Amino acid sequence: MNLICYENYQQIKQQFPDKHARDLAAQLNITEAELLYHRVGHDNAKRLSGNLPELLHALSTIGQAKAITRNNYVVNIQTGLYDNPRFSDHAGLFLNPGQLDLRMFFAQWDSMFTLTEQVGNEIRHSIQFFDKNGDAIHKVYTCENTDMNAWQDIIAHYTSTDNPPLQLDTVLPFSDSEISDETKQHIEQQWRDMSDVHQFFTLLKAYNLSRQQVFRIVSNELAWQVPANSLSQLLSLAHQAKNEIMLFVGNRGCVQIFTGVINKLSPLKIESSQTDWLNASSNDFNLHIIENGISECWVTRKPTQDGFVTSLEVFDSQGNQIIQMYGQRTEGVPEQALWNQQILSLPHI
């Protein structure tokens with residue numbers, strides 16, 4: 001274990017006591033997973049190991065907890081129950097529309113830790129999961145309604161006596177080779193032949209293309225670009241009209257879904273910072289968006305057995321999808337007319 005790295009962390013932590021772990025790790029030029037790796041044996045940090053689906057399934061016993069899924073520009077924070085777990089060896093979900101609703105892709109999951117730390121006057125207990133690149137996939141924090149006996153049972157069962165070095169990968173780029181006219185026609189037809197929005201993932205994987213690459217290939221009837229401020233415009237329209245929406249916030253290994261009405265929407269400009277935040281909240285839900293991290297927004301229409309489903313897809317400058325927005329819809333029911341009107345009101349680029 002690199003004691004020098006831990007000591008450097010302690011110095012930076014004293015210098016910037018209000019900074020989050022991910023920001024401190026960036027200042028040390030390491031990943032957040034590497035920072036927790038170096039904290040094991042100090043700060044009441046422990047490495048966890050064991051069967052991942054079983055550990056996640058055990059979260060259904062702890063009662064209420066705070067779930068955090070984020071990427072570089074959007075943070076989804078939701079308090080709820082890890083109910084209705086369903087797992088295979090490759091994927092899992094906690095199926096709770098309107099509550100704590102999660103989709104998990106285990107091929108990306110790599111390391112996990114537990115941490116107990118003093119933050120101000122509060123003691124925070126967490127379980128944190130990281131991907132093969134060292135980025136946080138999902139974090140679970142206890143709250144006042146958490147069953148701490150069940151929590152400690154999970155920690156005791158999965159705590160590892162070892163802390164093996166992390167074997168981190170680099171993110172592989174998408175194909176940038178020229179796409180033939182024939183391939184473009186195939187992609188257009190496969191898009192039109194979809195009967196479920198989830199079939200879009202199969203299309204992306206088959207051609208090793210990014211979402212934006214595919215959007216640029218298909219006709220304007222299926223995908224078109226809208227201004228970079230479209231997310232805030234659409235959130236504002238939904239907030240004012242009080243119609244239910246769905247917000248998908250994800251990273252390489254996890255998607256956390258909010259379904260409901262936005263009760264509060266407020267911009268936040270921090271002095272001495274170049275970061276423009278937009279905060280949206282509802283019951284037991286908070287969403288934090290770095291607005292000036294948004295590079296492109298696209299409206300997409302995907303066919304289903306219930307007709308077209310329209311969404312706003314938002315990307316950063318590296319082409320990573322940072323949030324996706326839909327009108328609330330249950331399977332077997334066509335898309336909301338009000339949502340369709342709101343999203344189609346966005347100006348085209």
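In the block above lies the structure referred to throughout.
Values in this document were obtained by computation on a predicted structure and should not be read as measured data. (Residues numbered from 1 in each chain as written. Predicted model: local features only at pLDDT ≥ 70, side-chain atom pairs only at ≥ 80, totals over all residues. Heavy atoms only, no water.)

**Q** What is the right way to look at the pairing of strand S18 (residues 321-327) in this model?
**A** Along any regular strand the residues' side chains alternate between the sheet's two faces. Summarising burial for S18: six of the seven residues are buried, a large majority. Pairing of strand S11 (residues 245-250) with S18, which is carried by four bridges, proceeds in the antiparallel orientation. Bridge pairing in S18 places Met 246 opposite Tyr 326. As paired strands, strand S17 (residues 307-315) and S18 are joined by five bridges and run antiparallel to one another. Pairing of Leu 312 across the sheet is with Met 325, part of S18. Where S17 hands over to S18, the hairpin turn is made up of five residues, of which Gly 319 adopts a positive phi near 90°. (Buried < 20%, exposed > 50% of the residue type's maximum accessible area, 1.4 Å probe, protein only. Helix = DSSP H or I, 4+ residues; strand = E, 2+ residues; numbered from the N terminus. Pairing = 2+ DSSP bridges.)

**Q** How should I be thinking about the side chain of Ser 281 in this particular structure?
**A** Considering the arrangement of structural elements, one finds Ser 281 in strand S14 (residues 276-282). Overall, the relative accessible area of 16% leaves Ser 281 in the buried class. Apart from residues lying up to four places away in sequence, Ser 281 is in contact with Ile 262, Asn 263, Lys 264 and Asn 286. (Contact = heavy atoms within 4.5 Å.)

**Q** Would you take a moment to explain helix H10 (residues 337-344) for this structure?
**A** Owing to its 3.6 residues per turn, the α-helix aligns residues three or four sequence positions apart on the same side. Among all positions in H10, only Trp 339, Gln 342 and Ile 343 are buried. One face of H10 carries all of its buried residues, which in axial projection span an arc of 90°. Along H10, exposed side chains directed more than 90 degrees from the buried face belong to Ala 337 and Gln 341. On the buried face of H10, the contacting elements are helix H9 (230-241), S11, strand S16 (296-304), S17 and S18. (Arc of directions from axis to C-beta.)

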